[in-house]
Amino acid sequence: MNTFDRIPIVAIGGGAGAGKSELARALSTQGFTVLHLDDFYHEAMEAGVTVEKLDGSGRVLDRGHPESIDLHKFLLEMVRLQEPGDGKRGLVVEGTFALYFSEIVEEAILSVYIATPDDVRLARKMMRKLSSGDSDAQLMIQNYLHFSRPRHEEYVAPTQKSADLVLDGMQSIDSLTKVVTRAFSEVTAEAP
């Protein structure tokens, strides 16, 4: 068994609605600590990239753009969570841009991309938003067509080439969890 001076990282990327958070949640039951990139968007809108709202009522932070993430704050937290102890098996870094930032990919012992068809991702995202009280389906589709889809094609889809594993997002979370834990065990066993 190898020992690490820092907790090894599994980076999980893919588009919105691909199943990243569900997979991370499942891995948390297997001894992994989870860190969500979505928790690190810039608090001050002017610190990130903004876009004009479709209704013309002002600007909002563009959550589909990687520069809207406070990478410095995120990296500080990532390093803090890599401290060994408390029986941590590994650190899962999960988010749309998890494979976009070289600072994460280079630290990851295993990088995973969840490939899920665009229509399924959109449906999942809409169901999530509708169940949380956001009831304007037309606006959701307009946002997808104007912002989310082009941002995914530009910033997220190309990160698939950085992945050690490309998983089918149509598979069950249980089967994806088994694949990732098996691959993690293999790469940590091989690590010096």
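Summary of the structure given here. Note that the coordinates shown come from a computational prediction; the quantities given were computed from them, not determined experimentally. (Residues numbered from 1 in each chain as written. Predicted model: local features only at pLDDT ≥ 70, side-chain atom pairs only at ≥ 80, totals over all residues. Heavy atoms only, no water.)

1. Some words on the layout of surface pockets
What the largest pocket holds in volume is close to 1400 Å³. Residue lining of the largest pocket: 45 residues in total, with Ala16, Arg63, Lys125, Lys129 and Ser148 positioned closest to the centre. At the level of secondary structure, the elements contributing two or more residues to the lining of the largest pocket comprise helix 1 (20-28), strand 3 (50-52), strand 4 (59-61), helix 4 (118-131) and helix 5 (137-156). It is helix 5 that contributes the most residues to the lining of the largest pocket, 10 residues altogether. A per-class count over the lining of the largest pocket returns 15 nonpolar, 11 polar and 19 charged. (1 Å grid on protein atoms, 1.4 Å probe; cavity = no way out; pocket = protein on both sides within 12 Å on 5 of 7 lines; lining within 4 Å. Points joined across faces, edges and corners; volume = space filled by probe spheres on them. Helix = DSSP H or I, 4+ residues; strand = E, 2+ residues; numbered from the N terminus. Nonpolar A, V, L, I, M, F, W, Y, C, P; charged D, E, K, R; others polar.)

2. Quick notes on the pattern of salt bridges
Applying the stated rule across the entire model yields 6 salt bridges. Glutamate 43 is the salt-bridge partner of lysine 73, the closest N and O atoms lying 3.1 Å from each other. One end of the pair, lysine 73, is in helix 2 (residues 71-81); the other, glutamate 43, is in the loop between strand 2 (32-36) and strand 3, with 30 residues separating them in the sequence. Under the relative-accessibility criterion, lysine 73 is labelled partly exposed at 38%. (Salt bridge = Lys/Arg side-chain N within 4 Å of Asp/Glu carboxyl O. Buried < 20%, exposed > 50% of the residue type's maximum accessible area, 1.4 Å probe, protein only.)

3. Quick notes on the nonpolar core
The biggest cluster of nonpolar side chains holds 25 residues, and the ones touching the most others in it are Phe74, Met78, Leu91, Val93, Phe97 and Ile104. Sorting the residues of this core by element identifies strand 1 (9-14), helix 2, strand 5 (90-94), strand 6 (108-115) and helix 5 as the ones contributing at least two each. Every residue in contact with phenylalanine 74, bar those within four places of it in the chain, is listed here: Leu35, Leu37, Phe40, Val93 and Ile104. In this structure, Ala18, Leu23, Phe32 and Leu176 belong to the second largest nonpolar core, which totals 16 residues. (Core = buried A, V, L, I, M, F, W, Y, C linked by side-chain atoms within 4.5 Å. Contact = heavy atoms within 4.5 Å.)

4. Quick look at the packing of aromatic side chains
A complete count under the given rule lists 6 aromatic pairs for this structure. Judged by centre distance (5.3 Å) and plane angle (85°), the ring pair of tyrosine 100 and phenylalanine 101 falls under edge-to-face. Judged by centre distance (6.0 Å) and plane angle (80°), the rings of tyrosine 100 and tyrosine 155 are edge-to-face. In this pair, tyrosine 100 sits in the loop between strand 5 and helix 3 (102-105) while tyrosine 155 sits in helix 5, placing the two residues 55 residues apart along the sequence. Given a relative accessible area of 13%, tyrosine 155 falls into the buried group. The ring of tyrosine 41 is capped by arginine 63, whose NZ or CZ atom sits 4.3 Å from the centre of that ring. (Phe/Tyr/Trp six-rings, centres within 6.5 Å; stacked < 30°, edge-to-face > 60°. Lys NZ or Arg CZ within 6 Å of the ring centre and 35° of its normal.)

5. As for the packing of helix 1 against helix 6 (residues 173-190)
Two elements in contact, helix 1 and helix 6, have axes separated by 9 Å at closest approach and are oriented at 65°. As helix 1 runs across helix 6, the sense of the crossing is right-handed. Contacts between helix 1 and helix 6 involve Glu22, Leu23, Ala26 and Leu27 on the former and, on the latter, Ile173, Leu176, Thr177, Val180 and Thr181. A class-by-class count of the residues in the contact of helix 1 with helix 6 yields 6 nonpolar, 2 polar and 1 charged. (Axes fitted to C-alpha atoms, helices over the stretch in contact; angles between N-to-C directions. Left-handed = near helix turned anticlockwise from the far one by under 90°.)

6. So, the environment of leucine 76
Here leucine 76 is to be found in helix 2. Placed 13 residues apart in sequence, leucine 76 and arginine 89 show a C-alpha to C-alpha distance of 20 Å.

7. Overview of the side chain of serine 111
Position of serine 111 among the secondary structure elements: in strand 6. Relative accessible area serves as the criterion here: at 2%, serine 111 is assigned to the buried category. In this view, serine 111 contacts Ala11, Leu99, Ser162, Ala163, Asp164 and Leu165; residues no more than four positions away in its chain are not counted.

8. So, the environment of serine 102
For serine 102, the position within the fold is in helix 3. A relative accessible area of 38% means that serine 102 is categorised as partly exposed. Taking the C-alpha atoms as reference, serine 102 lies 23 Å from glycine 169; in sequence the two are 67 residues apart.

9. Details of the sheet that holds strand 7 (residues 165-168)
If you trace the 5 strands from one edge of the open sheet to the other, you get 2-5-1-6-7, paired in parallel fashion. What marks the edges here is a single partner per strand, and that holds for strand 2 and strand 7. Strand-to-strand twist of the sheet, defined as the mean angle between neighbouring strand axes without regard to direction, takes the value 25°. Sheet strands in contact with helix 2 are strand 1, strand 2 and strand 5, and its direction is about 175° off that of strand 2. Here helix 6 sits on the sheet and contacts strand 1, strand 2, strand 5, strand 6 and strand 7; the angle it forms with strand 6, its principal contact strand, is near 160°. (Pairing = 2+ DSSP bridges.)

As far as function goes, none of this settles anything; it's purely spatial.
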